[in-house]
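Residues per chain, in single letters:
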Amino acid sequence: MGIQPPGKRYGKRLAHSKIFGHGLAGHKATNADLNVTPLVDMFVILVLFLIANFSATGEILAMNKDIQLPEASNTDELQLAPAVAISKDEVLLSGMLIGRVDDLTREDYLNIPALEEKLRDLKKQFEDLHNAAGDQGGFKGDVNIQADKKVTFKIVKRVMFSCASAGYGNIAFATLMQGGGEKDKKPESASR
Amino acid sequence: MAGGMDLGTGGKGGKKPLDMAINLVPFIDLMAVTIVFLIMTAVWTQLGRLQVSNSGQNASEEQQQQEQKLQPITLLVTEKEIKITVGGSQLDPLPITRDDKERIDVIKLVDKLKELKTQQPDQAAITLQTEDAVKYEDLVRLIDTCIGSQFPSVSVSPASQG
């Protein structure tokens, strides 16, 4: 048996004990580092993806679960304007109920008086606001029609006529954008 | 010492480790906040617009004069066929056929519109006279086809007016 340093000496049974034996010397570090590199990588990719899809204009039209928009490829960017929503059951202007589709289909008039009145009010509000601010000629008459794909032209026609009568002649049909349209390659606008 | 890093040339004392860990916690915090903001403001549906008009509206006098020189193109859209009229003459009607997704098959119409475009390259206007029973989806598809065939000025009017 060799020379041992002075101090406590434990028996064989406790020689490797963490409490008494040599285990006492081999401390494991209590602070474990978490490898955050994959997390940072994922965050960077996620941020890049979200920034690529970021739209500064935000959501222009509130999507309604009752309205399934048709698809089109040769579209322009949607502008912020009053939106007339036509679902299978009802016609709404910026969320306000204008009439029920069944009732409007039965009538033979070309316009929808309630819609026309509401649009005139909106136009007046817009003009009053801009006149007060000293801004002349700001009214372009833009209106978005957001109709369900199964709605018949009879209703759309009445909405269009009402919009035109109220001074909103710049009518745009809201559609879902189909990828890879010709418009993406060569921009052009459909104008009156 | 160069840039705070021990190059191992120093004295006898305890060497500092060469590997340095950048504190990533603030970076992760910033990323987390940015991701939450971007997800909250993300627009998941890509919407577009097809602008339509009534015939002649918003057109300048010069445009109207130019349009008068050209033969107007009109598509009379019914549930079963599309009748194309150029000037005063009516072409053979195109029967409406649909694909498996119930969408109008526009191949023949595209060919016809290309032919008309070659005949009148300056013509940009086209009028869709639509019957009441026509579905909005079909109307949008036809407008989209017309714009895609280099007729950007699309007017929509009821069939009875024509």
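It should be emphasised that the depicted structure is a prediction, and the values quoted were computed from it without experimental measurement.

Give me the lowdown on the overall build of chain A, citing residues and values where you can.
When helices and strands are tallied, chain A shows five helices and seven strands. Written out in order from the N terminus, the α and β elements of chain A read α-β-β-β-β-β-α-α-β-α-β-α. Expressed as a percentage of contacts within chain A between residues at least 6 apart in sequence, the contacts between residues at least 24 apart total 64%.

Any chance you could break down helix α3 (residues 113–132) of chain A for me, citing the residues and the numbers?
Relative to the 28 Å expected for 20 residues at 1.5 Å per residue, α3 of chain A spans 28 Å between its end C-alpha atoms, a close match to the ideal helical length. Residue Gly134 of chain A follows α3 of chain A closely and has a positive phi angle near 75 degrees.

Any details on the packing of helix α1 (residues 37–52) of chain A against helix α1 (residues 25–41) of chain B? Residues and values, ideally.
Between α1 of chain A and α1 of chain B, whose axes approach to 10 Å, the crossing angle comes to 30 degrees. Taken together, the axes of α1 of chain A and α1 of chain B are roughly parallel relative to one another. Judged by the sense of rotation from one axis to the other, the crossing of α1 of chain A with α1 of chain B is left-handed. Contacts from Leu39, Val40, Phe43, Leu46, Val47, Leu50 and Ile51 of chain A in α1 of chain A reach Phe27, Ile28, Met31, Thr34, Ile35, Leu38 and Ile39 of chain B in α1 of chain B. For the contact of α1 of chain A with α1 of chain B, the per-class residue count stands at 13 nonpolar, one polar and no charged.

Before we move on, can you summarise the nonpolar core with the specific residues and values?
In this structure, Val84, Ile86, Ile145, Val156, Val159 and Cys163 of chain A together with Ile143 of chain B are the most contacted members of the largest nonpolar core, which totals 59 residues. When sequence neighbours within four positions are dropped, the list of residues in contact with Ile86 of chain A reads Val91, Ile145, Ala147, Asp148, Val151, Ile155, Val156 and Val159 of chain A.

Basis of the calculations
Residues numbered from 1 in each chain as written. Chains lettered and ligands numbered in written order. Predicted model: local features only at pLDDT ≥ 70, side-chain atom pairs only at ≥ 80, totals over all residues. Helix = DSSP H or I, 4+ residues; strand = E, 2+ residues; numbered from the N terminus. Contact = placed C-beta atoms within 7 Å. Expected span 1.5 Å × (residues − 1). Axes fitted to C-alpha atoms, helices over the stretch in contact; angles between N-to-C directions. Parallel < 35°, antiparallel > 145°, perpendicular 65-115°, else oblique. Left-handed = near helix turned anticlockwise from the far one by under 90°. Nonpolar A, V, L, I, M, F, W, Y, C, P; charged D, E, K, R; others polar. Core = buried A, V, L, I, M, F, W, Y, C linked by C-beta atoms within 7 Å. Buried ≥ 20, exposed ≤ 12 C-beta atoms within 10 Å, placed from the backbone.

Remember that the coordinates give geometry; whether it matters functionally is a separate question.
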